[in-house]
Amino acid sequence: MPETTTTYELYYWPFIQGRGEFVRLVLEDAGLDYVDVARLPESRGGGLQAVLALMNGPLPNGPRPFAPPYVRHGNLVLAQTALVCRYVAEHAGLAPEGALDRLRADQLMLTIADGVAETHDIHHPISASLYYDDQRDAAKRRAEVFTHERLARFLGYFEAVLEDNARGRGEVAIADRTSYVDLALFQLMAGLEYALPKAFARVTAATPRLRALAAVVAERPRVAAYLASERRIPFNAQGIFRYYPELDEP
Ligand SMILES: N[C@@H](CCC(=O)N[C@@H](CS)C(=O)NCC(=O)O)C(=O)O
């Protein structure tokens, strides 16, 4: 396993929060030394080419990543958002203690990833490779189902998880202290609030624990400093969480 002092290199698209933001939040909250590689100028090895290079070429020690985000840490190149977050969190004291609680954290992170994928598919229901304008009708239909059914299904589930976790007094998802899963729940909430403000307000009226968790995470000193910094890319119309008023509920 690489030294914890080795710098983490995050590889992700430089102009969006996207899935990379789940990793950025763990790195930032942990106060780890990291480089957001693609945001460096090309003259310093950054830019989109840096992300594509490791995906397109053989790696000496393991499989190449299918898609960003991925991290390089020592000899390890690791992809899949839930797994990358877990890996960084384990080095940073942001993972639960013990094998069983780490499996439980995986379960929640993979469910968050499912929610992220479904949120993305609101505006790209046919394919990510087509423009939004080429799939607007399907997007409208998909968004109706998402806002009426899936949004409450996901957020209601996470609310119940908080309620069920007696060890966390209803305030954290796993065990009795903040973990990377809580950071991810914060980001899911932030993204959904941006993308679907009306549906989000209606659904989260019934999820007070999730709202409280998001507020607590936002106030963690390193997270608050990050959110106020230029390192936090604003939500925009290229990311996963996009605001198209026609897709929100009336
Ligand atoms: N399951 C993967 C999905 C990764 C993914 O879809 N990445 C997007 C950016 S957020 C991408 O660039 N995909 C390129 C592709 O699928 O070809 C994860 O959670 O990390």
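For the structure itself, consult the block above.
Residues numbered from 1 in each chain as written. Predicted model: local features only at pLDDT ≥ 70, side-chain atom pairs only at ≥ 80, totals over all residues. Heavy atoms only, no water.

Here we look at the packing of helix α4 (residues 99-123) against helix α5 (residues 136-164)
Here's step 1: Running from amino to carboxyl end, α4 crosses α5 at an angle of 160°, the nearest separation of the two axes being 9 Å. Classified by the interaxial angle, the pair formed by α4 and α5 is roughly antiparallel. In the crossing of α4 with α5, the sense of the turn from one axis to the other is left-handed. Where α4 abuts α5, its residues Q107, L108, T111, I112, D114, G115, E118, T119, D121, I122 and H123 lie against A139, R142, A143, F146, R150, F154, Y157, F158 and V161.
Here's step 2: Its residues assigned to classes, the contact of α4 with α5 shows 10 nonpolar, 5 polar and 5 charged. (Axes fitted to C-alpha atoms, helices over the stretch in contact; angles between N-to-C directions. Helix = DSSP H or I, 4+ residues; strand = E, 2+ residues; numbered from the N terminus. Parallel < 35°, antiparallel > 145°, perpendicular 65-115°, else oblique. Left-handed = near helix turned anticlockwise from the far one by under 90°. Contact = heavy atoms within 4.5 Å. Nonpolar A, V, L, I, M, F, W, Y, C, P; charged D, E, K, R; others polar.)

Here's the deal with the environment of R24
Here's step 1: Within the fold, R24 resides in helix α1 (residues 20-30).
Here's step 2: Among the residues examined, R24 registers a relative accessible area of 0% and is labelled buried.
Here's step 3: Sequence spacing of R24 and Y226 is 202 residues, and the spatial spacing of their C-alpha atoms is 9.4 Å.
Here's step 4: Those residues in contact with R24, other than ones at most four positions away along the chain, are L10, Y12, W13, I16, Q17, D36, R39, Y226 and I233.
Here's step 5: Only 3.3 Å separates the side chain of R24 from the backbone oxygen of I16, close enough to count as a polar contact. (Buried < 20%, exposed > 50% of the residue type's maximum accessible area, 1.4 Å probe, protein only. Polar contact = N/O pair within 3.5 Å; in protein donor to acceptor, adjacent residues only side chain to side chain.)

Structural notes on the nonpolar core
Here's step 1: I112, L155, Y180 and V181 are the most contacted members of the largest nonpolar core, which has 66 residues in total.
Here's step 2: The element contributing the most residues to this core is helix α6 (residues 180-195), with 11 residues.
Here's step 3: If we skip the residues at most four places from it in the chain, V181 touches A105, L108, M109, I112 and A173.
Here's step 4: Among the nonpolar cores identified, the runner-up in size contains 11 residues, and A38, M55, L59 and Y70 belong to it. (Core = buried A, V, L, I, M, F, W, Y, C linked by side-chain atoms within 4.5 Å.)

Brief notes about the site of the ligand
Here's step 1: As a matter of local geometry, the ligand sits amid Y12, W13, R19, F66, A67, P68, P69, Q80, T81 and I240.
Here's step 2: Here an oxygen atom of the ligand and a side-chain polar atom of W13 are 2.8 Å apart.
Here's step 3: Contact distances for the ligand include 3.3 Å between an oxygen atom and a side-chain N or O atom of R19.
Here's step 4: Its free accessible area being 500 Å², the ligand has 65% of it covered by the protein chains.
Here's step 5: Taken atom by atom, the bulk of the ligand overlaps the largest pocket. (Near = heavy atom within 4 Å. Areas by Shrake-Rupley, 256 points an atom, 1.4 Å probe, with all protein chains shown as cover. 1 Å grid on protein atoms, 1.4 Å probe; cavity = no way out; pocket = protein on both sides within 12 Å on 5 of 7 lines; lining within 4 Å. Sits in = over half its atoms within 2 Å of the grid points.)

A look at helix α2 (residues 48-56)
Spacing of three or four residues puts side chains on the same side of an α-helix, whose turn is 3.6 residues.
Here's step 1: For α2, the complete set of buried residues consists of A50, V51, L54 and M55. Considered in projection along α2, the buried side chains sweep an arc of 130° and stay on one side of the axis. For α2, exposure combined with an orientation more than 90 degrees from the buried face picks out Q49 and N56. (Arc of directions from axis to C-beta.)

Focus on α6
Here's step 1: With 16 residues, α6 extends 23 Å from end C-alpha to end C-alpha; this agrees with the ideal 22 Å at 1.5 Å per step.
Here's step 2: Burial analysis of α6 places 14 of its 16 residues in the buried class, the great majority of the element. (Expected span 1.5 Å × (residues − 1).)

A word on the sheet that holds strand β4 (residues 76-79)
Here's step 1: Read across the sheet, 4 strands follow the order β2-β1-β3-β4 without closing on themselves; strand pairing throughout is mixed. Two strands lie at the open edges of the sheet, namely β2 (34-36) and β4, each paired on one side alone. Adjacent strand axes in the sheet meet at a mean angle of 20° when their direction is disregarded.
Here's step 2: When strand β3 (residues 70-73) meets β4, the two strands line up antiparallel, connected through 4 bridges. When the sheet's bridge partners are listed, Y70 is paired in β4 with A79.
Here's step 3: Along the sheet, α1 contacts β1 (8-11), β2 and β3; its crossing angle with β1, the most-contacted strand, is approximately 160°.
Here's step 4: Each of β1, β3 and β4 touches helix α3 (residues 81-92); the most contacted strand, β4, lies at about 130° to it. (Pairing = 2+ DSSP bridges.)

Structural measurements only, silent on function.
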